[in-house]
Amino acid sequence: MIRPLPSLFLPRRRVLQLGLGATLASSAGLVPVSRADEPTDIMDEDIFQFALNLEYMEAEYYLRGTTGKGIDDSDAGAEAGPVTGGKQVSFDTPAISEFMREVAENELAHVRFYRKTLGDQAVPRPAIDFDAGFTAVAKAAGLGENFDPFGNEMNFVLGGMLFEDVGVTAYAGAATVLKNKDFLAAAAGILAVEAYHMGMARSTLYRMGEQAWEAANAVSDARDKIDGSEDKDQGIQMDGKANFVPSTPDAIAFTRTPQEVLRIVYLTDQEGASKGGFYPNGMNGMIKST
């Protein structure tokens, strides 16, 4: 459990000003995101708001799949956007049901952590569309027109893998730009939890057999085609062997910039996109354009 971080409630301050901070921000692709008064002023709080948008989606996905309902209004923020799609999954395997319930609890805890930490700067839940998002994913990955992530336990874990792999790379990327040590420590802790989720999802799918291997690898390939020119994705099977840990040759997790993450969740390879895919109206906060 992540302890409260009182120092995070201090007034907003610039965290990317000179020297190393500016260099890292540029290399991470954050500079194009701007404020009207300070074009390159990306703050730790902006990054946490970006993460909160992603946690809303993950929490809604897992809660709807395991309980049949999503986040309570009290956790969604004022004027929260609607959520389209999602239903309780009929699990055949008790262990997988338990795994998914724990993940749902974790993701809801992340939402609450970010909302508590950001205080009045916490953005409300954006509009989320699982129906349109997964329809586009299924088309891109060749999973068929009738793919339903909530239709059975394999599909549900597959949908989870889509989010968890992206979440790990997003948090790894954030570690290069966060300046406040408390923010960085919290992000590192959440990254570790998301990595646990990712390993669970990938190993669970691998045990399901060839159909799951092919589907998971197809999702990985589809992500890699839209996030940018670099190869930052790996399926759950490579060279005829299990691949639970997507990583560089040095066994280091891949990193993605916010813009690369947005390409995946907006399901576009276009620069300058500000909505689409799972976020029909875009994300809330300062970082919301590819």
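None of these values were measured; they are calculated from a predicted model. (Residues numbered from 1 in each chain as written. Predicted model: local features only at pLDDT ≥ 70, side-chain atom pairs only at ≥ 80, totals over all residues. Heavy atoms only, no water.)

> Quick question: what am I supposed to make of the overall build of the protein chain here?
Broken down by element type, the protein chain carries nine helices and four strands. Helices and strands appear in the protein chain in the N-to-C order α-α-α-β-α-β-α-α-α-α-β-β-α. Within the span of the protein chain, comprising 290 residues, buried residues form 54% of the whole. A sequence separation of at least 24 residues applies to 74% of the contacts in the protein chain between residues at least 6 apart. A total of about 13300 Å² of accessible surface is found on the protein chain, and carbon and sulfur atoms cover 52% of it. (Helix = DSSP H or I, 4+ residues; strand = E, 2+ residues; numbered from the N terminus. Buried < 20%, exposed > 50% of the residue type's maximum accessible area, 1.4 Å probe, protein only. Contact = heavy atoms within 4.5 Å. Areas by Shrake-Rupley, 256 points an atom, 1.4 Å probe, with all protein chains shown as cover.)

> Help me out: how do you make sense of unusual backbone geometry in this one?
The general pattern is negative phi for most residues beyond glycine and trans for most peptide bonds. One non-glycine residue with positive phi stands out, namely alanine 251, at about 60°. Tracing the sequence through the fold places alanine 251 in the loop between strand S4 (241-242) and helix H9 (258-266). In this structure, leucine 267 is a non-glycine residue whose phi angle is positive, near 55°. Note that leucine 267 resides in the segment after H9. For leucine 267, a relative accessible area of 27% corresponds to the partly exposed category.

> For this particular structure, what's the right way to read the confidence of the model for the protein chain?
Residue-level pLDDT values for the protein chain average 85, and 86% of them are 70 or greater. Contacts for the low-pLDDT stretch residues 1-39, under 50 throughout, to residues beyond four places or in other chains number 70 contacts. (pLDDT = per-residue confidence, 0-100.)

> Sorry, what's going on with empty space enclosed by the protein here?
Once rolled over the atoms, a probe with the size of a water molecule shows which space is left empty. Here the structure, examined in full by the defined rule, presents three cavities of 30 Å³ or more. Here the largest cavity is characterised by a volume of approximately 90 Å³. Around the largest cavity, the lining residues are Ala51, Leu54, Glu55, Met57, Glu58, Leu162, Phe163, Val166, Gly167, Tyr171, Glu194 and Val265. For the lining of the largest cavity, the per-class residue count stands at eight nonpolar, one polar and three charged. (1 Å grid on protein atoms, 1.4 Å probe; cavity = no way out; pocket = protein on both sides within 12 Å on 5 of 7 lines; lining within 4 Å. Points joined across faces, edges and corners; volume = space filled by probe spheres on them. Nonpolar A, V, L, I, M, F, W, Y, C, P; charged D, E, K, R; others polar.)

> What is the right way to read helix H7 (residues 181-207) from this model?
Side chains that are three or four residues apart share a direction in an α-helix, a result of its 3.6 residues per turn. A rise of 1.5 Å per residue sets the reference length of H7, with its 27 residues, at 39 Å; its end C-alpha atoms lie 39 Å apart and thus fit the reference within 8%. Backbone nitrogen of aspartate 182 and a side-chain oxygen of the N-cap are separated by 2.8 Å at the start of H7; the cap is asparagine 180. Just downstream of H7, glycine 209 is the residue with a positive phi angle, here 105°. (Expected span 1.5 Å × (residues − 1). Polar contact = N/O pair within 3.5 Å; in protein donor to acceptor, adjacent residues only side chain to side chain.)

> Would you explain helix H2 (residues 44-67) in this entry?
Taking 1.5 Å per residue as the helical rise, H2 with its 24 residues ought to reach 34 Å, and the 33 Å between its terminal C-alpha atoms agrees with that figure. When you tally the buried positions in H2, you get 23 out of 24 residues, the bulk of the element. Following H2 by one or two positions, glycine 68 has its phi on the positive side, about 85°.

> I tried to follow the nonpolar core on my own but got confused; where do I start?
What tends to happen in soluble globular proteins is that the nonpolar side chains get buried as a cluster. In this structure, Phe130, Leu205, Phe278 and Tyr279 are the most contacted members of the largest nonpolar core, which totals 75 residues. Elements with a minimum of two residues in this core: H2, helix H4 (94-118), helix H5 (130-141), helix H6 (153-174), H7, helix H8 (210-226) and H9. Other than its neighbours up to four places away in sequence, phenylalanine 278 contacts Met57, Ala127, Ile128, Asp129, Phe130, Gly133, Phe134, Val137, Leu162, Phe163, Val265 and Leu267. (Core = buried A, V, L, I, M, F, W, Y, C linked by side-chain atoms within 4.5 Å.)

> Is there a simple way to explain the pattern of salt bridges in this structure?
When the charged atoms of two side chains lie near each other, side chains of opposite charge can form a pair. Under the defined criterion, the tally for this structure stands at nine salt bridges. One salt bridge in this structure joins arginine 112 and aspartate 75, with 3.0 Å as the shortest N-O distance. Residue arginine 112 is located in helix H4, and its partner aspartate 75 is located in helix H3 (residues 73-76); the two are separated by 37 residues in the primary sequence. By relative accessible area, arginine 112 is classed as partly exposed at 41%. Its relative accessible area of 10% is what places aspartate 75 among the buried residues. (Salt bridge = Lys/Arg side-chain N within 4 Å of Asp/Glu carboxyl O.)

> Honestly, the packing of aromatic side chains in this entry has me stumped. Any pointers?
Here the distance between the centres and the angle between the planes together describe a pair of aromatic rings. Counted by the stated rule, this structure contains 21 aromatic pairs. Their ring planes at 35° and their centres at 5.7 Å tell us that tyrosine 61 and phenylalanine 134 sit as a pair that is tilted. Here the residue tyrosine 61 occupies a position in helix H2, and phenylalanine 134 occupies one in helix H5, the gap between them amounting to 73 residues. For the pair tyrosine 61 and phenylalanine 134, a shared accessibility class is recorded, and that class is buried. Geometrically, the ring pair formed by tyrosine 206 and tryptophan 213 is stacked, given 4.8 Å between the ring centres and 20° between the ring planes. Linked through ring pairs, Tyr61, Tyr62, Phe91, Phe130, Phe134, Phe150, Phe156, Phe163 and Phe278 together constitute an aromatic cluster. (Phe/Tyr/Trp six-rings, centres within 6.5 Å; stacked < 30°, edge-to-face > 60°.)

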